[in-house]
Amino acid sequence: MEFTGKWIKSPQDHGHAALEFQREWKTKKKILHASLVITALGVYEASINGKRIGDYVLAPGWTAYEKRLQYQQYDITPWISAENQLSVTVGKGWFSSRMPGFMDLPDKKERMGRPNGILAEIALEYEDGSKEKIATDESWLCRESAIRWNDLYDGETYDATYEPEEWQNARAFSWPKDILIPQEGEEIREKERIAVQEVLHTPAGETVLDFGQEVTGYVEFTVDACKGDRIRLLHGEVLDQEGNFYNANYRSAKSEINYICKAGLQTWHPVVTFYGFRYIKLEEFPEEVRADRFSAIAVYSDIRQTGYLSSSCQKLNQLFSNVFWGQKGNFLDVPTDCPQRDERLGWTGDAQVFVKTASYNYDVERFFRKWLHDMAADQQENGAIGMVIPDYLRGAVPSAAWGDAVTICPWQIYETYGNREVLQEQFPSMKKWVDYITDTTTRPGCWCGGEHFGDWLGLDAPQGSYKGSSREELIATAFYAYSASLVVKAGEVLGEDVDEYRMLHKQIVKAFREMYPQYHTQTEYAVAIQFELAEDPQKAADELAELVKKDGLQLRTGFVGTPYILHSLSRYGHTELAYSLLLREEYPSWLYPVSKGATTIWEHWDGIMENGEFWSEDMNSFNHYSYGAVLDWVYEEAAGIRPAQPGFTKARIAPKPDQRLDWLEGSLDTRNGRISSRWIHTGNRIRYEIETEVPATVVIDGKEKEVDPGRYTFWSSVTETSGLRFLEVQDEKEEDKYETV
Ligand code: BGC
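Reading the values: the criteria
Residues numbered from 1 in each chain as written. Predicted model: local features only at pLDDT ≥ 70, side-chain atom pairs only at ≥ 80, totals over all residues. Heavy atoms only, no water. Axes fitted to C-alpha atoms, helices over the stretch in contact; angles between N-to-C directions. Helix = DSSP H or I, 4+ residues; strand = E, 2+ residues; numbered from the N terminus. Parallel < 35°, antiparallel > 145°, perpendicular 65-115°, else oblique. Left-handed = near helix turned anticlockwise from the far one by under 90°. Contact = heavy atoms within 4.5 Å. Nonpolar A, V, L, I, M, F, W, Y, C, P; charged D, E, K, R; others polar. Pairing = 2+ DSSP bridges. Near = heavy atom within 4 Å. Polar contact = N/O pair within 3.5 Å; in protein donor to acceptor, adjacent residues only side chain to side chain. Areas by Shrake-Rupley, 256 points an atom, 1.4 Å probe, with all protein chains shown as cover. Buried < 20%, exposed > 50% of the residue type's maximum accessible area, 1.4 Å probe, protein only. Disulfide = S-S within 2.5 Å. Core = buried A, V, L, I, M, F, W, Y, C linked by side-chain atoms within 4.5 Å.

1. Remarks on the packing of helix H5 (residues 365-378) against helix H6 (residues 405-417)
Here comes step 1: Two elements in contact, H5 and H6, have axes whose closest approach is 11 Å; the angle formed by their N-to-C orientations is 155°. As the angle between them shows, H5 and H6 are arranged roughly antiparallel. Along this stretch, H5 crosses H6, giving a crossing that reads as left-handed. Together, Glu365, Phe368, Trp371, Leu372 and Met375 of H5 and Ala405, Val406, Cys409, Pro410, Ile413 and Tyr417 of H6 make up the contact between the two elements.
Here comes step 2: Residues belonging to the contact of H5 with H6 are distributed by class as follows: ten nonpolar, no polar and one charged.

Structural data, given as structure tokens:
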């Protein structure tokens with residue numbers, strides 16, 4: 001749309017205070033329809049005649065602001081009266097907070113100096129057919145708000161006693177308008193409210209609220225206070241070994257709430273920032289703490305849950321829950337590494353690792369497409385993809401498995417939802433990325449040179465390093481091959497000529513095989529098998545299985561290997577071993593954090609070590625979704641549901657039970673219908689209950705059967721000698737209800 005208004009800001013610098021803009025007008029005629037179109041440099045909340053407009057939190061969201069800025073349109077007809085007042089509060093948000101907090105880069109300084117402003121247009125349509133527009137200009141007013149201080153990492157200070165200064169006329173300023181785009185992503189909303197589970201009095205004498213669940217969002221409180229009473233709240237994810245409040249792992253992010261009370265009963269929550277927390281420390285609070293006067297509000301993108309998993313194992317169910325919460329806590333407009341410390345950035349590697357699980361758990365097509373548009377917008381001239389998108393670490397050298405998010409994410413979104421538009425939109429940037437590697441490698445056919453994160457946080461990292469011991473160039477070359485193969489696949493879907501990339505892919509596979517005839521680590525095996533680079537994948541998988549056993553039946557993988565290891569084992573007959581890794585409870589394992597009380601996924605396998613100590617505070621997030629990628633194995637292998645065709649127009653349902661679980665169930669609400677798969681051990685038989693709204697190939701014990709949409713029960717027997725070998729498969733189409741066990 002064409003904006004007729006001007007960008008407006010305050011005529012003065014207000015330091016860290018949030019701003020308030022206002023426009024009053026009288027409506028003399030009867031209104032038929034009224035709308036507001038608005039965006040901000042910063043984050044805004046708008047209200048009309050005292051009523052909040054819309055449910056969007058932290059609007060207009062986070063995009064590559066220099067190139068793309070979303071605007072929102074709201075219907076405000078119901079609130080229009082004879083005398084109207086529109087007010088808009090604007091905080092720094094992602095636009096001008098001190099991001100990233102752990103590095104001072106020249107463009108960070110530049111970002112922090114950017115003005116917070118708005119651009120808006122009120123369109124009025126009267127019953128007599130006439131129209132009127134009230135657009136932002138110098139007649140709009142501006143002043144400092146009662147939010148006296150704000151920063152995305154550090155929190156908010158609100159003074160309910162604040163006596164505002166006189167209004168001033170806003171100042172028009174020039175800022176591009178050709179960057180404006182309509183809302184593309186999902187709106188960010190207040191999605192869930194969580195009550196205090198316990199009020200703790202810690203050994204150090206602190207009063208701490210425990211919400212029992214780590215969430216991203218903010219706390220809302222109600223207090224009966226005297227004017228000038230102070231409230232000071234700190235946020236934390238875990239308690240320390242002694243049971244005291246702890247948040248040293250937030251690094252420089254202060255994550256505070258400071259609130260100065262007015263007299264009487266009042267309810268408040270932050271408006272222009274968010275926090276990642278489970279615990280709230282009441283540093284200052286004027287009255288006796290009442291648990292019912294606090295709630296944690298989980299704020300995330302308005303994504304719809306589509307995946308469901310449950311099993312007979314409580315710890316496994318807690319792991320499922322932790323992955324879902326990890327996603328909710330980090331899908332706040334941009335897929336972020338973590339929601340608490342001074343990062344909260346759109347790390348490409350993390351998103352790539354998790355995208356498949358994410359796309360099964362929730363419908364994230366819109367969410368990812370918007371972010372991928374930003375990725376394409378922020379792609380460098382030479383095709384390089386930044387480590388984070390929006391690219392707040394500009395100029396950094398791209399890393400394998402991080403930059404490859406540019407091919408992996410669109411392809412996965414296509415696979416899960418079947419809409420080729422995402423490929424159409426991203427195809428040029430996918431190609432450019434592969435070309436970038438071709439242009440910069442020091443050895444054709446491989447990705448040699450450059451700087452990489454390797455198998456980030458691999459358990460086989462040498463002392464003092466964050467990088468696992470898998471060879472960096474092996475990983476880089478493997479991802480180069482994989483990205484080239486995805487360009488080919490995407491091109492085939494789109495009917496593009498991709499011969500050049502087909503040849504390139506062949507060349508990389510050949511070079512990979514020559515350079516890496518042997519693999520040394522679990523991650524090296526996993527990528528060689530998963531990306532179909534191993535010449536004899538069965539042999540490689542058998543060796544990987546041996547290696548896992550030799551390693552003590554435990555994982556040694558980091559960000560790169562973890563999402564693939566179970567797949568590469570079960571794809572070649574080592575499902576029982578894959579289950580052993582999934583169900584392992586001792587460190588290192590997925591269930592170890594569960595035993596330690598985790599409610600989200602940890603960045604480190606041992607964020608809290610066995611002796612109760614923390615991993616060093618310089619990098620120890622307790623809400624980092626990456627390792628939650630294991631759920632795509634649970635959907636695809638344990639429950640056995642995967643797309644046979646993109647978007648699940650047809651499914652392949654091949655459940656793989658394990659004796660250590662009595663039952664397991666998975667369902668997906670796909671774009672083409674719901675698919676559920678459940679298996680239950682009953683004595684020495686296993687019953688499979690499959691319900692599918694799409695045609696499917698059902699595979700049980702290697703026996704395939706084509707089925708139409710419907711409900712089916714299959715049975716198989718377990719042999720006494722070898723545990724999980726099915727002797728017979730019976731099937732029957734069932735119309736009546738399943739019997740319950
Ligand atoms: C982030 C990660 C990210 C990594 C890259 C960390 O600080 O939190 O999740 O992928 O850096 O090395």
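2. Looking at the environment of Tyr579
Here comes step 1: Position of Tyr579 relative to the elements: it lies in helix H13 (residues 575-583).
Here comes step 2: With 477 residues separating them in the primary sequence, Tyr579 and Phe102 have C-alpha atoms 39 Å apart.

3. Some words on the sheet that holds strand E4 (residues 43-48)
Here comes step 1: In spatial order, the strands read E5-E4-E7-E2-E10-E13; together these six strands make up an open sheet with antiparallel pairing. Of all strands in the sheet, those bounded by a partner on one side alone are strand E5 (51-52) and strand E13 (168-169).
Here comes step 2: Across four bridges, the pairing between strand E2 (residues 19-26) and strand E10 (residues 141-144) is antiparallel. Along E10, the bridge assignment pairs Glu20 with Arg143.

4. Topic: the site of the ligand
Here comes step 1: Looking at the ligand, the residues that line it are Asp337, Arg341, Glu343, Trp347, Asp350, Trp402, Phe453, Trp456, Phe559, Glu603 and His624.
Here comes step 2: Within the contact set of the ligand, an oxygen atom lies 3.0 Å away from a side-chain nitrogen or oxygen of Trp402.
Here comes step 3: Here the ligand has 310 Å² of accessible area as a free molecule, and 96% of this is covered by the chains.

5. Focus: the environment of Glu66
Here comes step 1: With respect to the helices, strands and loops of the structure, Glu66 is situated in the loop between E5 and strand E6 (69-75).
Here comes step 2: Classification of Glu66 by relative accessible area gives partly exposed; the value is 34%.
Here comes step 3: Sequence separation between Glu66 and Ala377 is 311 residues; the distance between their C-alpha atoms is 9.3 Å.
Here comes step 4: Apart from residues no more than four positions distant in its own chain, Glu66 is found in contact with Arg114, Ile179 and Arg394.
Here comes step 5: At 2.9 Å, the side chain of Glu66 and the side chain of Arg114 are in polar contact.

6. Regarding the state of the cysteines
Here comes step 1: Counted according to the given criterion, the structure contains zero disulfides.
Here comes step 2: The structure places no disulfide on Cys226, whose sulfur is separated from the nearest cysteine sulfur, that of Cys261, by 8.7 Å.

7. Concerning the nonpolar core
Here comes step 1: Residues Leu36, Trp94, Phe211, Leu316, Leu319 and Phe368 are the most contacted members of the largest nonpolar core, which totals 229 residues.
Here comes step 2: In terms of residues, this core owes the most to one element, helix H8 (residues 472-494), which gives 14 residues.
Here comes step 3: In contact with Leu36, not counting residues within four places along its chain, are Ala46, Ile53, Gln72, Gln73, Tyr74, Ile76, Leu86, Ala120, Glu121 and Ile122.
Here comes step 4: The next biggest cluster of nonpolar side chains, apart from the first, holds eight residues, and it includes Tyr246, Tyr592, Ile608 and Phe622.

8. Here we look at unusual backbone geometry
Here comes step 1: Ala59 connects to Pro60 through a cis peptide bond whose omega is 5°.
Here comes step 2: As for its placement among the helices and strands, Pro60 is situated in the loop between E5 and E6.
Here comes step 3: The step from Met99 to Pro100 runs through a cis peptide bond, and the omega angle for that step is -10°.
Here comes step 4: Looking at where Pro100 falls in the secondary structure, it is placed in the loop between helix H1 (93-96) and helix H2 (106-112).
Here comes step 5: Although it is not a glycine, Ala401 sits at a positive phi angle of roughly 75°.
Here comes step 6: Overall, Ala401 belongs to the buried group, its relative accessible area being 1%.
Here comes step 7: The phi dihedral of Phe648 falls on the positive side, at around 60°, and the residue is not glycine.
Here comes step 8: Residue placement: Phe648 occurs in the loop between strand E31 (641-643) and strand E32 (651-653).

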